[in-house]
Number of protein chains: 2
Amino acid sequence: MFSSPWLPFLLLFLSNSVTAFQFRIPRLSPIGEKFLHHSKALELPPSDDFKTFYFNQTLDHFNYRPESYTTFPQRYIINFKYWGGANSSAPILAYLGPEAPIDSAMNVIGFMTDNAVKFNALLVYIEHRYYGKSIPFGSRKEALRNASTLGYFNSAQALADYAAILIHVKKEFSAKYSPVIVIGGSYGGMLATWFRLKYPHVALGALASSAPILYFNDITPENGYYVIVTKDFREVSQTCYESIRESWSEIETVASQSNGLSVLDKVFKTCSPLRSSTQLENYLWFMYASAAQYNHPSRYPVNRICDAIDQTYSNGTLGKIAAGVFAYRGELSCYINEPINTTETTVGWQWQRCSEMVMPISTGNDTMFPSETFDHESFSIYCNQLYGVTPRPHWVTTYYGGHDIHLILHRFASNIIFSNGLKDPYSIGGVLHNISDSLLAVYTANGSHCLDILTANRMDPEWLVTQRKTEVGIIKEWIDEYYADLANYKK
Amino acid sequence: MFSSPWLPFLLLFLSNSVTAFQFRIPRLSPIGEKFLHHSKALELPPSDDFKTFYFNQTLDHFNYRPESYTTFPQRYIINFKYWGGANSSAPILAYLGPEAPIDSAMNVIGFMTDNAVKFNALLVYIEHRYYGKSIPFGSRKEALRNASTLGYFNSAQALADYAAILIHVKKEFSAKYSPVIVIGGSYGGMLATWFRLKYPHVALGALASSAPILYFNDITPENGYYVIVTKDFREVSQTCYESIRESWSEIETVASQSNGLSVLDKVFKTCSPLRSSTQLENYLWFMYASAAQYNHPSRYPVNRICDAIDQTYSNGTLGKIAAGVFAYRGELSCYINEPINTTETTVGWQWQRCSEMVMPISTGNDTMFPSETFDHESFSIYCNQLYGVTPRPHWVTTYYGGHDIHLILHRFASNIIFSNGLKDPYSIGGVLHNISDSLLAVYTANGSHCLDILTANRMDPEWLVTQRKTEVGIIKEWIDEYYADLANYKK
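None of these values were measured; they are calculated from a predicted model.

Rules used throughout
- Residues numbered from 1 in each chain as written.
- Chains lettered and ligands numbered in written order.
- Predicted model: local features only at pLDDT ≥ 70, side-chain atom pairs only at ≥ 80, totals over all residues.
- Heavy atoms only, no water.
- Contact = heavy atoms within 4.5 Å.
- Buried area = accessible area lost by both parts, 1.4 Å probe.
- Salt bridge = Lys/Arg side-chain N within 4 Å of Asp/Glu carboxyl O.
- Polar contact = N/O pair within 3.5 Å; in protein donor to acceptor, adjacent residues only side chain to side chain.
- Helix = DSSP H or I, 4+ residues; strand = E, 2+ residues; numbered from the N terminus.
- Disulfide = S-S within 2.5 Å.
- Domains from an automatic or database assignment.
- Least-squares fit on C-alpha atoms with pLDDT ≥ 70 in both.
- Pairing = 2+ DSSP bridges.
- Axes fitted to C-alpha atoms, helices over the stretch in contact; angles between N-to-C directions.

With that out of the way, let us pick up the interface of chain B and chain A. Contacts between the two partners involve 58 residues from chain B and, on the opposite side, 58 residues from chain A. Among the residues of chain B in contact with chain A, Tyr64(B), Arg392(B) and Phe412(B) are the three that bury the most area, contributing 17% of the side total. Across the chain B-chain A interface, the total number found is four salt bridges. Between Arg411(A) and Glu481(B) there is a salt bridge whose closest N-O contact spans 3.4 Å. The tally of links between chain B and chain A comes to 34 residue pairs in polar contact (both at pLDDT 80 or more). Of all the secondary-structure elements, those providing two or more residues to the side of chain B that touches chain A are helix H6 (147-150), helix H7 (155-172), helix H8 (187-198), helix H15 (344-355), helix H17 (395-400), helix H18 (405-409) and helix H19 (462-490) of chain B. Of the residues forming the side of chain B that touches chain A, the biggest block, six residues, is contributed by H7(B).

Structure representation (structure tokens):
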């Protein structure tokens with residue numbers, strides 16, 4: 001195990017060079033941080049309607065060692081403005097924070113604020129442990145020190161945190177019979193699904209946006225993600241797809257020549273000289289993935305890249321690809337080797353992936369990428385070197401299930417919306433068919449990652465407006481049905 | 001926290017004098033060990049049809065500290081004799097071991113063996129961690145050393161153990177689509193319920209016999225248990241009930257006189273002199289509770305005690321009570337202060353109660369016992385003195401639910417039989433009304449604790465035969481429905 005002074009450095013080093021790339025596993029967040037639309041909403045402070053609270057959270061819910069009883073302050077934020085109140089058992093919409101600080105959620109996760117009036121809902125946003133201000137062990141540095149302090153950082157503990165806080169909130173505001181709808185996107189969408197499955201006594205239903213709950217073990221084909229990325233590009237332009245597919249060997253050929261890397265530096269206007277062709281390839285690889293995943297209708301980055309590729313004729317294929325980069329990133333003084341801010345998400349998710357969130361994503365055939373398998377053994381070695389512990393790739397399906405989910409849940413559970421946009425490469429690991437009358441797949445052919453839970457905008461395409469309407473209608477039905485049940489129950 | 005050399009002594013001391021009695025919480029096992037019918041089955045080795053296996057179990061499923069990865073051998077036992085095999089997806093009946101070694105289950109839990117042929121079932125018996133041969137930390141002494149080693153000893157970890165083993169067994173015997181029915185009684189019945197709720201992808205259904213899943217927090221009236229004990233005695237004989245009710249003050253009166261304790265010694269033929277009247281009271285208290293709880297139709301101990309009480313006229317009320325003791329225990333050279341073997345169950349359950357299984361049971365009004373409240377604060381102090389950790393009385397309802405269970409589960413979950421016998425005082429904390437079409441309460445008016453899962457006997461009363469038939473019929477329906485679903489699914 002690496003001792004503390006080295007870990008931050010290693011994380012940084014690895015997140016740029018090995019982690020993020022060696023295993024070619026794209027990020028899993030409701031919004032694309034670095035590459036996507038540069039939303040100002042991310043930086044705005046939330047309005048005064050939001051009040052911050054801290055809950056004394058138990059460090060380890062599933063253990064009774066004296067250390068397990070340690071508590072840490074967990075942040076949650078409430079908006080009371082729209083709430084119909086406890087007397088009418090008005091609903092609670094609870095956003096289950098994913099692998100990031102909760103700060104921007106109040107502005108970004110518009111599904112909550114946009115629908116608060118409609119539901120007369122109390123809005124609750126809960127931060128995930130080990131992110132933002134919800135840090136055990138007194139400081140982030142201590143919490144991330146090594147596997148002994150990171151060990152408590154996992155999804156089962158996070159779900160128990162949410163349960164404890166929601167039970168506390170309901171008690172605090174005498175809202176015993178207020179139905180709770182949990183909402184989450186991406187990893188947060190997995191948490192929302194699992195929360196409804198494990199804590200039906202706390203949440204009446206879940207909206208799980210772009211939650212690839214089936215991208216574990218052997219349930220989804222490993223190359224599924226990049227098959228969709230490829231399809232997205234190919235559907236926009238066959239020639240664009242071909243240029244990209246051909247570019248990899250072109251890059252290798254140029255790089256292998258003497259002075260080849262500086263040729264690439266020039267073509268791609270790199271911020272600092274490339275140390276290897278892999279650096280460039282990694283960058284492109286993730287640009288294509290991010291463009292496809294966060295293909296927001298306000299700018300359609302896949303089209304933007306392909307337009308540039310198709311309309312550039314200087315410098316051959318590499319000139320085309322470079323034009324794609326410039327178009328995607330916009331006017332900058334240089335590209336590729338830009339300084340990268342290591343975010344909490346990068347650091348935190350690296351641990352989560354190395355412990356339990358082992359999503360085996362590879363390329364293989366049928367993609368425009370060079371073939372790369374997900375090698376469990378080297379992933380395991382890599383995680384071991386980083387943290388001194390080995391991933392548990394089977395735990396997610398052991399605890400949450402996933403195999404044969406239609407067969408298993410057809411007569412079990414209720415009230416989950418699995419929403420997806422089929423252009424989102426992660427949708428391949430989502431639930432895309434109704435499982436039962438109340439375990440529903442709501443997807444759009446043209447949507448990308450988590451669009452439905454983002455703030456509505458008058459420029460939103462009709463299909464997105466419709467998707468959100470459908471979701472609100474379903475949730476309304478659940479709540480109405482619950483109120484009818486409640487009236488009978490209280491008789 | 002007590003350090004190791006003292007703990008075993010303290011456990012022994014407390015189990016006899018404080019634990020078992022101070023909080024008047026009766027044991028919670030499928031069979032009554034000390035007081036009940038002296039079944040030879042307990043001592044018989046199981047037949048050669050049973051094969052023992054050990055699984056390398058993870059110490060802590062919900063944590064990724066390096067220590068969490070430690071493994072320990074967990075015992076499970078399989079009977080292959082009746083199995084229809086993987087090709088026909090023949091069912092698996094899995095007995096989830098409760099707070100005791102698994103050894104006697106093969107003979108005692110007849111529901112498994114009695115119905116194996118009918119279901120062509122594979123029989124699997126899994127031992128609960130920290131009992132029998134399923135001990136972490138290399139030895140029982142180490143495992144029970146203190147809260148740091150006991151911390152991993154809880155129900156959530158046990159359920160994850162069962163999931164891991166059942167998934168392993170299904171894989172090992174290529175039984176991917178074999179439906180699993182989990183079966184448990186008492187605490188094991190709670191585990192069976194919770195297992196179906198948390199791991200529906202591993203178990204198709206659960207038979208939860210005499211599982212007081214609602215005896216937590218404020219869901220069930222605290223005096224419920226002893227109200228039923230009282231009712232059981234009163235229904236057998238009003239005069240018996242009155243004698244018992246009056247006896248407590250009588251004991252106090254005699255005990256307070258000079259030489260009073262030796263008078264009691266003489267009347268009750270104690271094995272060694274009483275040190276206090278409490279000793280005698282505790283004994284009687286638990287005798288009545290056990291007689292009611294384990295009121296097996298083969299001997300009906302409540303009737304036996306009452307017959308003796310009603311038919312004895314020498315030595316007044318105390319003579320009657322003593323006659324009850326003699327009748328209950330049978331011919332012995334002495335009574336009351338008999339040497340007690342501290343069982344694994346006594347020791348293990350004490351920890352479980354002090355950590356999460358906090359069932360607040362008191363007497364209060366409407367009982368034939370002196371009024372005693374369950375004082376959470378002194379219980380907490382007591383557990384703290386013993387183990388250095390504080391109980392988490394709200395964890396069970398946070399993780400498993402329980403409040404408003406009919407409202408919550410009416411449209412969630414499926415395939416659980418909550419079986420009870422209404423003479424069992426724990427039935428007051430059980431589910432006694434159907435929650436939905438497949439969450440079913442199957443109870444008998446005259447039954448006691450866990451009768452339905454014990455080995456059938458040609459002397460069994462008709463109502464017990466019927467109860468078992470009903471249960472088998474329901475399980476058969478679940479399996480048939482599953483096979484129909486499976487056929488559709490595979491199409």
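Moving on to the state of the cysteines. Note: disulfide means a covalent bond formed between the sulfur atoms of two cysteine side chains. Residue and element names in this part refer to chain B. All told, the structure shown has six disulfides over all chains when counted by the stated rule. Disulfide pairing is shown between Cys271 and Cys334; the S-S distance is 2.0 Å. Judged by the sign of its S-S torsion, about 95°, the bond between Cys271 and Cys334 is right-handed. Residue Cys271 is located in the loop between helix H11 (260-268) and helix H12 (277-293), and its partner Cys334 is located in the loop between helix H14 (316-329) and H15; the two are separated by 63 residues in the primary sequence. The partner cysteine of Cys354 in its disulfide is Cys383, sulfur to sulfur 2.0 Å. Here Cys354 and Cys383 share a disulfide; its torsion about the S-S bond, -75°, makes the bridge left-handed. Pair noted here: Cys354 is in helix H15 and Cys383 is in helix H16 (residues 376-387), with a separation of 29 residues, a long-range link. Sequence-ordered numbering of the disulfide-bonded cysteines in chain A gives the connectivity 1-3, 2-4, 5-6.

For the rest of this paragraph, the subject is the domain arrangement of chain A. Residues and elements named next belong to chain A. Segmentation of chain A into domains returns domain 1 (41-217 + 397-490) and domain 2 (223-392). If you average the C-alpha positions of domain 1 and of domain 2, the two centres end up 31 Å apart. At the junction of the two partners, domain 1 supplies 34 residues and domain 2 supplies 30 residues. Of the roughly 2,800 Å² buried where domain 1 meets domain 2, counting both sides, 64% is carbon and sulfur surface. Contact with domain 2 buries surface across domain 1, with Tyr215, Lys423 and Pro425 losing the most and accounting together for 23% of the total.

For the pair chain B and chain A, the best superposition has an RMSD of 0.0 Å and corresponds to a rotation of 180° with a translation of 0.0 Å parallel to the axis. Viewed as a symmetry operation, the transformation between the two copies matches a two-fold axis. Considering only C-alpha atoms, the residue of chain B closest to the rotation axis is Ala413(B), which sits at 2.5 Å. Interface overlap between copies: 100% of the residues of chain B at the interface are likewise at the interface in chain A, consistent with a symmetric, same-surface contact.

The next point concerns the sheet that holds strand S8 (residues 439-444) of chain B. Residue and element names in this part refer to chain B. Strand order across the open sheet formed by eight strands is S1-S2-S4-S3-S5-S6-S7-S8, with mixed pairing between neighbours. Where the open sheet ends on each side, the last strands, each with one partner, are strand S1 (50-58) and S8. When strand polarity is set aside, the average angle formed by the axes of neighbouring strands in this sheet is 20°. Strands in contact with helix H4 (residues 110-119) are S1, strand S3 (92-96), strand S4 (122-126), strand S5 (180-185) and strand S6 (205-209); relative to S4, the strand with the most contacts, it is inclined by about 155°. The strands touched by H7 within the sheet are S1, strand S2 (71-79), S3, S4 and S5, with S2 carrying the most contacts at an inclination of about 55°.

What follows deals with the side chain of Gln350(A). As for its placement among the helices and strands, Gln350(A) is situated in helix H15 (residues 344-355). Here Tyr382(A) takes part through its side chain, which lies 3.1 Å from a polar atom of the side chain of Gln350(A).

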